[in-house]
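A look at the structure
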Amino acid sequence: MRTPIIAANWKMNLGDEDNAINFVRRIRHGLIDIDGIERVLCPPFTSLGAVFEVLRPSPIQLGAQNMHWEESGAYTGEISAQMLSLICRYVILGHSERRATESQNENDAAINRKVHAALKHDLTPILCVGENLAQNEGGETQAFVSGQVQAALNDLTTDQVARCVIAYEPIWAIGTGKAATPSQANGVIGLTIRGTIAELHDEGTAQSVRVLYGGSVNVENIAAFMRMPEIDGALVGGASLKPDFVDLVRNAAGVT
Ligand code: PGA
């Protein structure tokens, strides 16, 4: 049995401590009351510490949105897995907004180094993969996503792969209001993502890795995704910034 997860990716929002604390105070009790599903909040770095203080002690986990692969040193503007591991359990890695050429231009090799570093410090990576619209329309989804999974998980042991969480986030669905259909996402997650892991490792590992869907998930459509056998939860952007995020998580838990 894979425990489902709903992870909130706040992106570059709620970075000031007062607003972050107020928001978390609003949703905290509702989230604590929901059973059977892991709940993870991923604020920006500037409010991570404040959210950590408001949450503890609580079953709600904290995640970061990025990190560097080195432990310390001359890396201006960066933060390490070791630093994050003091307060976080999760870290989002390889989000398409960071892979984008016009943004951080992160490549597969860098993401692979980050996955290794996160696991070394007991952070669970939420590894994001997903094709763009042209690749989707060109029938390249399977080859592209499989390549991303292979590259990001390169040189990990089977045990390490089993500890990863993967988020399938088609780029065309992120922030657009046009979510993938649940069966589309289920297909990519089952055939492509679990299929690739089964080839690289074994079927048992492929079945134990938790794989989320992300891209325009909201309070109305979450249940349909959760009903899919291959989908173990969601990485939620825009809808995680609203107080009815609690209803979204409740709707997700209602299906499990
Ligand atoms: P969205 O973002 O829910 O706003 O589409 C998801 C993500 O980028 O993780």
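What you are looking at is a predicted structure, and each value in this text was computed from that prediction instead of being measured.

Let us now look at the overall build of the protein chain. Regarding its fold elements, the protein chain presents twelve helices and eight strands. Since a compact globule built from 256 residues should have a radius of gyration of about 18 Å, the 17 Å found for the protein chain is in line with a globular shape. Taken along its principal axes, the extent of the C-alpha atoms in the protein chain is 45 × 45 × 35 Å. For the protein chain, the proportion of its 256 residues judged to be buried stands at 53%. Measuring between centres, the 20 positive side-chain charges of the protein chain sit 5 Å from its 29 negative side-chain charges.

What follows concerns the environment of glycine 63. In this structure, glycine 63 sits in strand β3 (residues 61-64). In this structure the C-alpha to C-alpha distance between glycine 63 and alanine 8, which are 55 residues apart in sequence, comes to 8.8 Å. For glycine 63, the contacting residues outside a window of four places in its chain are Val40, Leu41, Cys42, Pro43, Leu48, Cys88 and Tyr90.

The subject of this paragraph is the nonpolar core. Of all hydrophobic cores here, the largest spans 71 residues; its most connected members are Ile6, Leu41, Ile193, Tyr213 and Phe245. Formed by twelve residues, the second largest nonpolar core is a distinct cluster that contains Ala7, Val40, Tyr90 and Val165.

Moving on, we come to the site of the ligand. Neighbouring the ligand are 13 residues, the closest being Lys11, His95, Glu169, Gly175 and Ser216. Side-chain polar atom of histidine 95 to an oxygen atom of the ligand: 2.7 Å apart, as the coordinates give it. Considering the ligand on its own, with 290 Å² of exposed area, one finds that the protein chains cover 95% of that surface. Among the residues making up the shell around the ligand, the classes are represented as four nonpolar, seven polar and two charged.

All right, on to the packing of helix α7 (residues 141-152) against helix α9 (residues 182-200) then. With their axes 10 Å apart at the nearest point, α7 and α9 run at an angle of 45° to one another. Considering the angle they form, α7 stands oblique to α9. Crossing hand, α7 versus α9: right-handed. Of the residues in α9, those touching α7 at Thr141, Gln142, Val145, Ser146, Val149 and Gln150 are Val188, Thr192, Ile193, Thr196, Ile197 and Leu200. For the contact of α7 with α9, the residue count by class is six nonpolar, six polar and no charged.

At a minimum axis separation of 9 Å, helix α1 (residues 17-32) and helix α12 (residues 245-255) run at an interaxial angle of 15°. One element, α1, and the other, α12, form an angle in the roughly parallel class. The two elements α1 and α12 cross, and the hand of that crossing is right-handed. Counting all contacts with α1, which are made through Ile27, Gly30 and Leu31, the residues of α12 involved are Phe245, Val246, Val249 and Arg250. Classifying every residue of the contact of α1 with α12 gives five nonpolar, one polar and one charged.

With that settled, consider the side chain of threonine 196. Summarising the element assignment, threonine 196 is placed in helix α9. Look at threonine 196 and you get buried, because its relative accessible area is 5%. Every residue in contact with threonine 196, bar those within four places of it in the chain, is listed here: Ser146, Val149, Gln150 and Leu191.

Rules used in this analysis
- Residues numbered from 1 in each chain as written.
- Predicted model: local features only at pLDDT ≥ 70, side-chain atom pairs only at ≥ 80, totals over all residues.
- Heavy atoms only, no water.
- Helix = DSSP H or I, 4+ residues; strand = E, 2+ residues; numbered from the N terminus.
- Rg over C-alpha atoms; globule rule 2.2 N^0.38 Å.
- Buried < 20%, exposed > 50% of the residue type's maximum accessible area, 1.4 Å probe, protein only.
- Lys, Arg positive; Asp, Glu negative; His and termini not counted.
- Charge placed at Lys NZ, Arg CZ, Asp CG, Glu CD.
- Contact = heavy atoms within 4.5 Å.
- Core = buried A, V, L, I, M, F, W, Y, C linked by side-chain atoms within 4.5 Å.
- Near = heavy atom within 4 Å.
- Polar contact = N/O pair within 3.5 Å; in protein donor to acceptor, adjacent residues only side chain to side chain.
- Areas by Shrake-Rupley, 256 points an atom, 1.4 Å probe, with all protein chains shown as cover.
- Nonpolar A, V, L, I, M, F, W, Y, C, P; charged D, E, K, R; others polar.
- Axes fitted to C-alpha atoms, helices over the stretch in contact; angles between N-to-C directions.
- Parallel < 35°, antiparallel > 145°, perpendicular 65-115°, else oblique.
- Left-handed = near helix turned anticlockwise from the far one by under 90°.

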